[in-house]
Each structure stands twice: as structure tokens, then as C-alpha cells.
Amino acid sequence: MTSSVVAVWSHRSVLRLLVQRDLTVKYQQSILGYFWSLIEPLAMGLIYWFVFGVLYHEHAGPDHGPSYAMFVISGIFPWMWVNSAIGEATGALTGQSRLITTMKVPREVFPIGRVVGRFAEYLAGLPILVVAAIIFNAPFSWYLLSLPLAVLLQVTLLVGLALLLASTNVLLRDVERFMRLAQRMLFYAAPIIYPLSRIKNADMPEWVKMAYQANPLVGIFQLHHAAWYPDEFPSAGLLATSATGCLIVLLFGWWIFRQLEPKVLKEL
Amino acid sequence: MKPIIEARGLGIRFVKNRRRQLRLREMFIHGMRRQPDGTSFWPLRDLTFDIQPGEAVGVIGKNGTGKSTLLRLIAGVLIPDEGSITVRGTVAPLLELSAGFSGDLTGRENVYLVGSLHGMSRSELKAKFDEIVDFAGEQIRRSIDTPVRHYSSGMKVRLGFSVIAQLRHPILLVDEVLAVGDKDFRQKCYATIERLLAEGRTLVLVSHNESDLTRFCTRGLYINEGRLEVDGPLREALDAYNGTSLPRPASQPTRVHT
């Protein structure tokens, strides 16, 4: 596996090219172009803010810190990255079979490229996050450093998932359908539009809460929120769980990819 | 000098009529080694040969005998199930009509993408861009900024060949694509391949066209039912190939004593 990591690294220029091409193809036929990567999360954020912040307005957000709108925005932007990276990585090999069957590059770059491409969109959305923070009077503090940590964990997790899903999807096209459902469930299974305290105080058996927190996304989203809501910063235990989970997913995904690679190439 | 391509007991197995819905359990528990349902067959098996730098080798055989599979194995876009293949040098493959172009991108963007994926630098591509388009012809020049999905297959193969011909890689793999271009373009391709061979590159050519084969190749690999039957001078391989469909010539060694 180390050798394939080295191979991917030495082909990082290929990775850059693929990402550039993806972004070109994606935006060349739309007038609003890159603004779609901002409009989508903002529109979704608006919906959740309306439903949970306005209609159910009692304590939708955390007890301390800026308003619930900020909370939703700080959760939605990274979620869009997770969501679109998973969706697009699943089809990364099946959709680019032409290139893969004619070009000798480490095949890992194709799913990884999708994760990187959606990361670029996340970065493009960061100015919106800053503007929102100013509007909603969120503090600019050292806790902002939890963002790079969140990004690091998220990249680890997403690369692992991308490798796993892209390779299995070639052999079982059901993966694509399954993931569309799974993505919706994942959205509500992590503290994205509600604070983690809601789960902790909920009337649920202890083991359900434990299982909930085993999801590596929980720690990641707590870090995203913690940048603006310092009280949300995850405990050492939660952070360790999340980091371990991300690493396991990465190693497992990469291993499966290596195992399936000969079969995948024959199927494409 | 070490051979530039070295195959040792090379084999690959495909599965016919595989059920699309492989069970997850099966896939993970039994690993990837277990044969899934459906009959498996070996398009290629027990291939052992060496190709020296500068050789021009023609691969001959009936349809479906694994010629293209062999080129894909050399190109490294398939992984063998048995044996090994060692390639000492980079490969410029023209395996498919489209050379890996994406339909959504324009001809220009595709030249840059495919060229750089094959390891050409941006400045190199800029310098060679006009030459590439010139070579591909007037029709391509006029539509270089339209998406490749509007190209005819002849146009795609012309542009693909132009890009591949600019690569400095020591090994050139060409699979049947010469048959697609028109007469003028074929002449250009011949000239280019001759130039590349004169520069000392190694060529592996798959073709059904005897005159193409005899024009470039000195050595032939005749593959029949997945096995390497003849590895020798091109004439010998061609004779063996023709022998399978025509009556066997009297000089056939097995017939001498009967």
C-alpha cells in the first residue's frame, strides 16, 4: 500500500489535471458557474433555518454563541463537500472508463480527484462563511484553528470512502443507489443542523448514544461548529474516536481498492 | 541489453456471463481469488517472450484471440492473473479510437488533457500544439474548439494519433486504428511510424492488414486461442495464421513424416 501511496503522490500533476477538467466540464455549460457551489448550500441552509430556527424556534441551536442561522451555515458547507464527494466518487471509475482503460496512471487518482474537486468548492465557499460570521457576530478566535483539523480528518475519511465506493460500484452497480439513500441518513446521523447536546440529553438508551458517536462524522462536524461556537469543541475522547474512525476507513478503503483493482480493470 | 518488454508465463482470466449482482458477502469473505459463478476463460495464457529495444513486432491472430488484451497488459491498464510482464520504459498507447478523449471537452482541451496525462509538459504542448493540429488535418483545425463528441470516428483517431505521435516514449502500441483513417492520413501515419522506428523506438502493432504488418514489422507473434503459437520472423507468423484458415502448406513440419 505504501508503494501505491508513493505512486499517487508522484502523479499529483495528473490529479490536478483531472480536477481542473472536472471543474471545467461542470461549470462550462452553466451561466452561474461556480456560484452554484454557493447557492446550493445557502438555499439548503435557508430551508433548515426556516424549519428548525423559525417554526420550532425554541433552542434550535446551541445554548451559547451566535444565532442558529450561523450554526446551520457552518454545518451545511462542509456537509455539501461530504455529500457531493461521496456522490461523485461512487461513479468515478465507471464514468471515466475511457481514460482508465487507455492511460497508465495509478487508478486511485480518479476517486481521489473527485474528493479534491469538491474540496475546491468547499474552499470557494469559505468567504461566505466569513461574511456570515460577521453578519451574525460570531467570534474570530483561536478556535478557528479547529477548521484545518476538521478538514484533515474529513479528507482522510472521504478518500477512504471514495476508494471503497468507486471500486465496489464497478462490480455492483447497486452501490450507487444504496449510497443515495445512505447519504440522506448520514445527514441526520451527525450534528450538522442540530447541536450534539440534543443527542446527549435525548431520552435514548446509552448504547444508542455510543453508537451515534462512533460515527467519525460526529467529531468532524463538531470541529466545524467549534470554529464559531467554542463550547462545541469535541472532547478528547470524541476526537480520538473520530480520528481513529477516519484512519480505519482510509486503510480499509485503500485495501479494498487494491484487492478489487484487477477485477475492476477487466470490467471497465 | 535487457529486453524492453519481458513476459513470463503471462496469463489473464475473464469471466463469461458473470452475474451482475455479486453478493457482497461472497466478494469480501472469499476474497477476490474465488471464482464467481459463470464460466471463466483465459483469453491469454502461458505467454513468454522478450522484446528488445528497437524491435517492431506484429501481433497476429483471429478476432477474439486476445491480441488487444495483450496490448492492454503491456500498456499496464490490465493486471495479469498469472505470470508477470515487465516493461522497462514508458508506453505511448493508441489502444482505442478515441485515445481517451472526453466527449464533453473540446479538441483543444482534450489535446492538453491527454497530452499532459501522458506526461507532456505544458510548455512542450504549447510548442507542439500547432504541429499536432496540422498533422490531424484541415477538418480538425476547423473544429478544434467544438466538443469531441461531435467528431467523427475518423477525426478522433486522427487527433489521437497526432497526440500519441508527439510523445517521446520509447514504446509505441498501436491497435488496429490505422484501418480507420482515410488514404491520405494513412500515408502520414506510415511516414510517422517509420520515422519513430528510425529513431529507435519499439513498436507493437496489432493488425489484420498484411501489408501494414510487412511494412513495419520484422517479427511476428501469432496468437491462437490464447496461446503463443509462433514467435519468429513475421513471414513465419503470417504463414501460420493463414494456415489456420487455408489448407496447411506442405512444408509444415508436423506433416513431414506422415
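Residues numbered from 1 in each chain as written. Chains lettered and ligands numbered in written order. Predicted model: local features only at pLDDT ≥ 70, side-chain atom pairs only at ≥ 80, totals over all residues.

### As for the overall build of chain B
Thought 1: A tally of regular secondary structure across chain B gives 9 helices and 9 strands.
Thought 2: Going through the 258 residues of chain B one by one, you find that 39% of them count as buried.
Thought 3: Excluding contacts between residues fewer than 6 apart, the proportion of contacts in chain B whose partners are at least 24 apart in sequence is 70%. (Helix = DSSP H or I, 4+ residues; strand = E, 2+ residues; numbered from the N terminus. Buried ≥ 20, exposed ≤ 12 C-beta atoms within 10 Å, placed from the backbone. Contact = placed C-beta atoms within 7 Å.)

### Topic: the overall build of chain A
Thought 1: Regarding its fold elements, chain A presents 12 helices and 0 strands.
Thought 2: Counting from the amino terminus, helix and strand elements in chain A follow one another as α-α-α-α-α-α-α-α-α-α-α-α.
Thought 3: The C-alpha atoms of chain A give a radius of gyration of 19 Å, which matches the 18 Å a tight globule of 268 residues would have.
Thought 4: Principal-axis analysis of the C-alpha atoms places the extent of chain A at approximately 55 × 45 × 35 Å.
Thought 5: Counting only residues that meet the buried cut, chain A has 44% of its 268 residues in that class.
Thought 6: Relative to all contacts within chain A whose residues are 6 or more apart in sequence, the contacts with residues 24 or more apart total 82%. (Rg over C-alpha atoms; globule rule 2.2 N^0.38 Å.)

### Quick word on the nonpolar core
Thought 1: Judged by nonpolar contacts, the single largest core of 144 residues is most densely connected at Val72(A), Ala89(A), Ala162(A), Val59(B), Ile74(B) and Leu173(B).
Thought 2: Setting aside its immediate chain neighbours within four residues, Ile74(B) contacts Ile5(B), Ile85(B), Val87(B), Val91(B), Leu173(B) and Val204(B). (Core = buried A, V, L, I, M, F, W, Y, C linked by C-beta atoms within 7 Å.)

### Quick notes on the sheet that holds strand β6 (residues 171-175) of chain B
Residue and element names in this part refer to chain B.
Thought 1: With respect to topology, 6 strands assemble into an open sheet ordered β5-β6-β7-β3-β8-β9, the strand pairing being mixed. Looking along the sheet, the strands with just one partner apiece sit at the ends: β5 (91-94) and β9 (227-233). Averaged over neighbouring strand pairs, the angle between their axes works out to 15 degrees when direction is ignored.
Thought 2: Examined bridge by bridge, β6 and strand β7 (residues 202-206) share 5 bridges and lie parallel to one another. Its bridge partner being in β7, Asp175 is matched across the sheet by Val206. (Pairing = 2+ DSSP bridges. Axes fitted to C-alpha atoms, helices over the stretch in contact; angles between N-to-C directions.)

### Digging into the interface of chain B and chain A
One frequent convention defines the size of an interface as the accessible area lost when the parts assemble.
Thought 1: At the interface, 25 residues of chain B touch 21 residues of chain A.
Thought 2: Listed by contribution, the elements that provide at least two residues to the side of chain B that touches chain A are β5 and α3 (107-117) of chain B.
Thought 3: Of the residues forming the side of chain B that touches chain A, the biggest block, 3 residues, is contributed by α3(B).
Thought 4: Within the side of chain B that touches chain A, the residues separate by chemical class into 15 nonpolar, 6 polar and 4 charged. (Nonpolar A, V, L, I, M, F, W, Y, C, P; charged D, E, K, R; others polar.)

### A short note on the confidence of the model for chain B
All names here are of chain B.
Thought 1: Summing up the model confidence of chain B, the mean pLDDT is 83 and the portion of residues at 70 or higher is 85%.
Thought 2: Ranking the elements of chain B by mean pLDDT puts helix α1 (residues 24-29) last with 57 and strand β3 (residues 56-60) first with 93.
Thought 3: Note on residues 247-258: pLDDT under 50 across the span, and 6 contacts to partners over four residues away in sequence or across chains.
Thought 4: Predicted complex, confidence summary: ipTM 0.80, pTM 0.88. (pLDDT = per-residue confidence, 0-100.)

### A few points about the domain arrangement of chain B
Residue and element names in this part refer to chain B.
Thought 1: In terms of domain boundaries, chain B breaks down into domain 1 (5-89 + 170-255) and domain 2 (100-156).
Thought 2: At the interface, 5 residues of domain 1 touch 4 residues of domain 2.
Thought 3: Taken together, the residues of the side of domain 1 that touches domain 2 sort by class into 2 nonpolar, 1 polar and 2 charged. (Domains from an automatic or database assignment.)

### Structural notes on the pairing of β7(B)
It is a general feature of regular strands that their side chains alternate between the two faces of the sheet.
Residues and elements named next belong to chain B.
Thought 1: In terms of residue burial, β7 counts as a mostly covered element, since 4 of its 5 residues are buried.
Thought 2: Pairing between β3 and β7: 4 bridges, direction parallel. Counted as the bridge partner of Val59 is Val206 from β7.
Thought 3: This β-α-β element, β6 to helix α7 (residues 183-198) to β7, shows right-handed connectivity. (Right-handed = clockwise from strand over helix to strand, strands pointing away.)

### Side note on the pairing of β6(B)
All names here are of chain B.
Thought 1: Within β6, 5 of the 5 residues are buried, leaving the element largely enclosed by the surrounding structure.
Thought 2: Across the two faces of β6 the burial is the same, with Ile171, Leu173 and Asp175 and Leu172 and Val174 all buried.
Thought 3: Note: β5 against β6, 4 bridges, orientation parallel. The partner of Ala92 across the bridge, within β6, is Leu172.

### Looking at the packing of helix α4 (residues 122-136) of chain B against helix α6 (residues 153-166) of chain B
When two helices pack together, you describe them by how their axes are tilted relative to each other and by the distance separating the axes.
All names here are of chain B.
Thought 1: Taken N-terminus to C-terminus, the directions of α4 and α6 make an angle of 140 degrees; their axes are 8 Å apart at the nearest point. In terms of their interaxial angle, α4 and α6 are classed as oblique. Our pair here, α4 against α6, has a crossing hand that is right-handed. Note on element contacts: α6 touches α4 through Arg158, Leu159, Ser162, Val163, Ala165 and Gln166, opposite Lys128, Ile132, Phe135 and Ala136.
Thought 2: Here the contact of α4 with α6 is built from residues that sort into 6 nonpolar, 2 polar and 2 charged. (Parallel < 35°, antiparallel > 145°, perpendicular 65-115°, else oblique. Left-handed = near helix turned anticlockwise from the far one by under 90°.)

### Here we look at the environment of Asp184(B)
Thought 1: Here Asp184(B) lies in helix α7.
Thought 2: On the neighbour-count criterion, Asp184(B) (9 C-beta atoms within 10 Å) is exposed.

### Observations regarding the confidence of the model for chain A
Thought 1: Mean pLDDT over chain A: 91, with 100% of residues reaching 70 or higher.
Thought 2: Of all helices and strands in chain A, the one with the weakest mean pLDDT is helix α2 (residues 12-28) of chain A (84), whereas helix α11 (residues 216-226) of chain A scores best (96).

### Points about the sheet that holds strand β1 (residues 5-15) of chain B
All names here are of chain B.
Thought 1: Here 3 strands make up an open sheet; going across it, the order is β2-β1-β4 and the pairing antiparallel. Every other strand in the sheet has two partners, leaving β2 (40-51) and β4 (82-87) as the edge strands with one partner each. Going across the sheet, the axis of each strand differs from the next one's by a mean of 30 degrees, ignoring polarity.
Thought 2: Relative to β2, β1 runs antiparallel, the two being bridged by 7 bridges. Bridge pairing links Leu10 to Leu47 in β2.
Thought 3: Packing against the sheet, helix α2 (residues 67-75) makes contact with β1, β2 and β4, and its axis sits at approximately 120 degrees to β1.

### Thoughts on the environment of Lys104(A)
Thought 1: Along the polypeptide, Lys104(A) turns up in the loop between α5 (97-100) and α6 (109-135).
Thought 2: Each C-alpha atom of the pair Lys104(A) and Ala243(A) lies 33 Å from the other, and the pair is 139 residues apart in sequence.
Thought 3: Residues within four places of Lys104(A) in sequence aside, it is in contact with Ala75(B), Gly76(B), Val77(B) and Val91(B).

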